[in-house]
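# Fold and geometry: a report
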Amino acid sequence: MTILQINNIETYYGGIQALRGISMDVKKGEIVTLIGSNGAGKSTTLKSISGLEKVKTGSIFYKEQEITNKPAHQTTLIGMAHVPEGRKIFATLTVKENLLMGAFSVSKKSVIEERMEMVFGLFPILKKRIDQKGGTMSGGEQQMLAIGRALMMKPDLLMLDEPSMGLAPIIVEQIFDIIRQLNQEGITILLVEQNAYQALSIAHRGYVIQNGEIVLSGKGTDLIENDEIREAYLA
Amino acid sequence: MFLEMIQTLPQVLIDGLTLGAVYAVVALGYTMVYGILQLINFAHGEIFMTGAFIGTALFIFLMGMSWITAIPQILVLIVVLVVTASLTGLMGMGIERVAYRPLRKAPRLIPLITAIGISFILQDVVRFIAELSSGNYIVTGPSLFTEQITLKLSSVSSNFNDASFKSSFIIVLVIAIILMVSLDYFINKTKYGIAMRAVALDRDTASLMSINVNKMISLTFFIGSALGGATGVLFAVQYGTIDPFIGFILGMKAFIAAVLGGIGNIRGAMFGGILLGVLEMFAAANLSLITAGILGAEYKDVFAFAILILVLIFKPEGLLGRPVAEKV
Ligand SMILES: Nc1ncnc2c1ncn2[C@@H]1O[C@H](COP(=O)(O)OP(=O)(O)OP(=O)(O)O)[C@@H](O)[C@H]1O
Ligand SMILES: [Mg+2]
């Protein structure tokens, strides 16, 4: 079953066209990765889906419901979470307050606490740092917090924008393990990465974006073998 | 000279705290809006002034009722405060909606000019209505809480003079403190308060948390303007006579208090307000003493502003502000 369907979207920043007709789909239970080099349009694609940027043409469906150009505070209410590039932790809010913001739309205290325990189970370090200001955490901790904060929404679809950016290899390893684990627990993943090899090796399918266009797509394992990809992204 | 300053100190503190509390609560409105929009809402002083007029009008209306004498004055005051705060809150929200929101993406200078324009409009509208209904735009409300209280400090220590104040002083101070403590609690401890801080830090990311950014901005304006309007009522109670231009200079000072404490910082605004009020009263009492009669009490603002300039030279981010470079 298709959980996310993107039809030929074009997105502009002022007069600059960033997306030139992107079509993609993500099926329930999959890990799909979107790879590409700097400025290819990966983040713009995620922003267009979650509603941070408006698309000029094209349409986006989530769980069969049209969400084209719905604002972000609405798309995130129906089970979609977007962990932005650069983590975007609320720097002067504590770890706990950051997590609470993830559950902003939840009013039941018991549900919030339950989810917070679930996040602490996944990232025990966050529990130890619960009263620390988000901005004073290390890069790896901030990434865990960003993912934890998104999980507070209990999403069905988790979109991650370069979660490995700027992290030590061992932390990257850990983050990818968590992504795989979340997927096994039933969360569909749309993963944007420049770290193509690692992304493709955990993904069921991948799309390659270049200059705002999808230039290749296929099974993760096939794309790893692909010569063009090897040359462009895995060298 | 020092001894003389000590002598007047109790009175200076009493007057300074009252004035400072007024500055502090008004400063909150500036700092909250600045924190969330980086906009200096110059119309905020006029919201305060409008609050003073609405409150005074309500007092005059209520005091004309025969049954009102059966009700304790403090209850009447609370009713007037709540009604006025709601009205000015809605007004602030409305101003943001029609005047600032369409300019959200415009260069900073544009909404600033708009804010100044709104100030003039409010001044003139209030002046017009006041003149129309009472024939004069300088309005004096009913005297409330006028018992004179004298603290016999001279019998405690001969270093001090006696200090005296109207009972309204206590009312103004206590209500201002209640407003500040409640706001501090709201901002720091409640879900909507945290969300407001999140929006101030990063609007896009806040919206990814399902927070409706526009609603949070409206809420910020509502709260800031409600506080401003309520303080206008307190001002009217304390000082009795008001005119449509009280918002200008008081707003300016409250804005300075906000800068002094660190603009965008809630506790900074409170601290800056109290500090400015006390400094101003201290200057009023002692300036001619310090300068051997060259400068009189009417130069008190020079003294307060000199301190402001000194603070800004050595700590441009304000007394409680964080250094700008710390941004992660
Ligand atoms: N806010 C913006 N204003 C103007 N142009 C933008 C803006 N954001 C992105 N762009 C442009 O849109 C194009 C796509 O950018 P995008 O951020 O989506 O790339 P990306 O694939 O995420 O790159 P990276 O790997 O560096 O994050 C780039 O050419 C970029 O310069
Ligand atoms: Mg990007």
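- In the nomenclature of an unreviewed UniProt entry, chain B is known as ABC transporter permease of Lysinibacillus contaminans.
- Its UniProt record, at the heading Sequence similarities (unreviewed entry), says of chain B: "Belongs to the binding-protein-dependent transport system permease family. LivHM subfamily."

- If you check an unreviewed UniProt entry, chain A appears there as Amino acid ABC transporter ATPase from Lysinibacillus contaminans.
- The UniProt entry for chain A carries the following text under Sequence similarities (unreviewed entry): "Belongs to the ABC transporter superfamily."

### A word on the pattern of salt bridges
- A full pass over the atoms with the stated rule returns 17 salt bridges over all chains.
- As a salt-bridge pair, B:K300 and B:E280 come within 3.3 Å of each other at their nearest N and O atoms. Residue B:K300 is located in helix α12 (residues 300-314), and its partner B:E280 is located in helix α11 (residues 266-290); the two are separated by 20 residues in the primary sequence.
- A residue is classified by how much of its surface remains accessible, and B:E280, at 2% relative accessible area, is buried.
- Each of A:D25, A:K27, A:E30 and A:R205 takes part in one network of salt bridges that share partners.

### A look at the interface of chain B and chain A
- With 20 residues of chain B at the interface, the matching set in chain A holds 25 residues.
- Around 2,000 Å² of area is buried between chain B and chain A when both sides are counted, 70% of it from carbon and sulfur atoms.
- At the boundary of chain B and chain A, one finds 1 salt bridge.
- Residue A:E97 is joined to B:R197 by a salt bridge in which the shortest nitrogen-to-oxygen separation is 2.9 Å.
- Our enumeration of links across chain B and chain A arrives at 6 residue pairs in polar contact (both at pLDDT 80 or more).
- Where the side of chain B that touches chain A is concerned, the elements lending two or more residues are α7 (191-201) and α8 (203-208) of chain B.
- Counting residues per element, the side of chain B that touches chain A draws most heavily on α7(B), at 7 residues.
- Of the residues that constitute the side of chain B that touches chain A, the class distribution is 10 nonpolar, 5 polar and 5 charged.

### Regarding helix α1 (residues 42-50) of chain A
Residue and element names in this part refer to chain A.
- Among the 9 residues that make up α1, 8 are buried, leaving the element largely enclosed by the rest of the structure.
- Every buried residue of α1 is accounted for by K42, S43, T44, T45, L46, S48, I49 and S50.
- After α1 finishes, the residue G51 shows a positive phi value of roughly 100°.

### Here we look at the coordination of the magnesium ion (ligand 2)
Residues and elements named next belong to chain A.
- Protein coordination at the magnesium ion (ligand 2) comes from S43 (OG) and E85 (OE), with a distance range of 1.9 Å. Of the two residues, S43 is situated in helix α1 and E85 in the loop between β6 (80-83) and α3 (95-102); the sequence distance between them amounts to 42 residues.
- We classify S43 as buried; its relative accessible area is 15%.

### A short note on the packing of aromatic side chains
- In total, this model carries 8 aromatic pairs over all chains according to the counting rule given.
- Ring centres of B:F42 and B:F255 lie 5.7 Å apart, and the angle between their planes is 55°; on these two criteria the pair is classed as tilted. One end of the pair, B:F42, is in the loop between α1 (2-37) and α2 (44-63); the other, B:F255, is in helix α10 (residues 246-261), with 213 residues separating them in the sequence.
- Judged by relative accessible area, B:F255 falls into the buried class, the value being 15%.
- On the numbers, 5.8 Å between centres and 45° between planes, the contact of B:Y100 with B:F221 is tilted. Taken together, the residues span a long stretch of sequence, with B:Y100 in helix α3 (residues 73-100) and B:F221 in helix α9 (residues 213-239) at a distance of 121 residues.
- A network of ring pairs unites the aromatic residues B:Y30, B:F42 and B:F255 as a single cluster.
- Above the ring of A:F90, the side-chain terminus of A:R149 is found at 4.9 Å from the ring centroid.
- The lysine or arginine in question, B:K191, covers the ring of A:F104, its NZ or CZ lying 5.2 Å from the ring centre.

Rules behind the numbers
Residues numbered from 1 in each chain as written. Chains lettered and ligands numbered in written order. Predicted model: local features only at pLDDT ≥ 70, side-chain atom pairs only at ≥ 80, totals over all residues. Heavy atoms only, no water. UniProt positions renumbered as here; feature names shortened; annotations may be inferred. Salt bridge = Lys/Arg side-chain N within 4 Å of Asp/Glu carboxyl O. Helix = DSSP H or I, 4+ residues; strand = E, 2+ residues; numbered from the N terminus. Buried < 20%, exposed > 50% of the residue type's maximum accessible area, 1.4 Å probe, protein only. Contact = heavy atoms within 4.5 Å. Buried area = accessible area lost by both parts, 1.4 Å probe. Polar contact = N/O pair within 3.5 Å; in protein donor to acceptor, adjacent residues only side chain to side chain. Nonpolar A, V, L, I, M, F, W, Y, C, P; charged D, E, K, R; others polar. Donors = N, O, S within 2.8 Å, 3.2 Å for Na, K, Ca; no water. Phe/Tyr/Trp six-rings, centres within 6.5 Å; stacked < 30°, edge-to-face > 60°. Lys NZ or Arg CZ within 6 Å of the ring centre and 35° of its normal.

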